[in-house]
Amino acid sequence: MAGISSVIFIVLLVLTFLGGDSDTLEGDVDVEIEGDTGIGFQFLSFKNLIGFLTIFGWSGIACLEGGLSKGLTVLISVICGLLMMLAMAGLFYYLGKLQSSGTLILKNALNQTGEVYLTLGANRSKIGKVSITVQGSLRELDALTDEDKDLVMGNVIRVKEVTDNGILIVELLNK
């Protein structure tokens, strides 16, 4: 049992790290599918079962080689196998949480400070650009201002509003 489950475990491990176990569909689908991410923490899965059998088998061999009784060997092997299942379920759960869609959500720019990159016209007369850090990356975004004078390159600004069409409304900080 230890040998066979170890080979299957190694194959699954390699496929997991190479992306061979992805759930993507090949081909063309003409229907709208609403996504479901499934259960977050999966204790019972094929990978976890193989992990259980692998550790159960090898810990059983180690216990028998150590001269332990068959009853104690089974008990220790089951506990080791369950701990392996718990560790693998936790590992895949937390690895799954590392995913990010990468979609920019402009509402996250509210109250952020930045710098004018291209001149913004006074009283929303001309769209310009600002450099601002949103969601951990520096971006150049379209912006307008309600200030009475043009905001020029180098002015420090703060985002006070985001319009429905994705334009930032900014105000001058260094007056």
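Residues numbered from 1 in each chain as written. Predicted model: local features only at pLDDT ≥ 70, side-chain atom pairs only at ≥ 80, totals over all residues. Heavy atoms only, no water.

**Student:** What should I look at first to understand the overall build of the chain in this one?
**Tutor:** Within the chain, the regular secondary structure consists of 3 helices and 5 strands. Element order for the chain, N to C, with α for helix and β for strand: α-α-α-β-β-β-β-β. Relative to its 175 residues, the chain shows a buried fraction of 30%. (Helix = DSSP H or I, 4+ residues; strand = E, 2+ residues; numbered from the N terminus. Buried < 20%, exposed > 50% of the residue type's maximum accessible area, 1.4 Å probe, protein only.)

**Student:** Where do I start with the pattern of salt bridges in this structure?
**Tutor:** When charged atoms on two side chains of opposite charge get close, those side chains can pair. Under the criterion given, the structure shown has 5 salt bridges. With a closest N to O distance of 2.9 Å, Lys129 and Asp142 form a salt bridge. You can see Lys129 sitting in strand β2 (residues 128–134) and its partner Asp142 sitting in strand β3 (residues 137–145), a full 13 residues away along the chain. Judged by its relative accessible area of 25%, Lys129 falls in the partly exposed class. We classify Asp142 as partly exposed; its relative accessible area is 33%. Members of the salt-bridge network, linked through shared partners, are Arg124, Asp146, Lys160 and Glu161. (Salt bridge = Lys/Arg side-chain N within 4 Å of Asp/Glu carboxyl O.)

**Student:** So what exactly am I meant to see when it comes to the sheet that holds strand β4 (residues 156–162) here?
**Tutor:** The strand order around the closed barrel formed by 5 strands is β1-β2-β3-β5-β4, and the pairing between neighbours is mixed. For this sheet, the mean inter-axis angle between neighbouring strands, taken without regard to orientation, is 55°. Pairing between β2 and β3: 7 bridges, direction antiparallel. Pairing of Val130 across the sheet is with Leu141, part of β3. (Pairing = 2+ DSSP bridges. Axes fitted to C-alpha atoms, helices over the stretch in contact; angles between N-to-C directions.)

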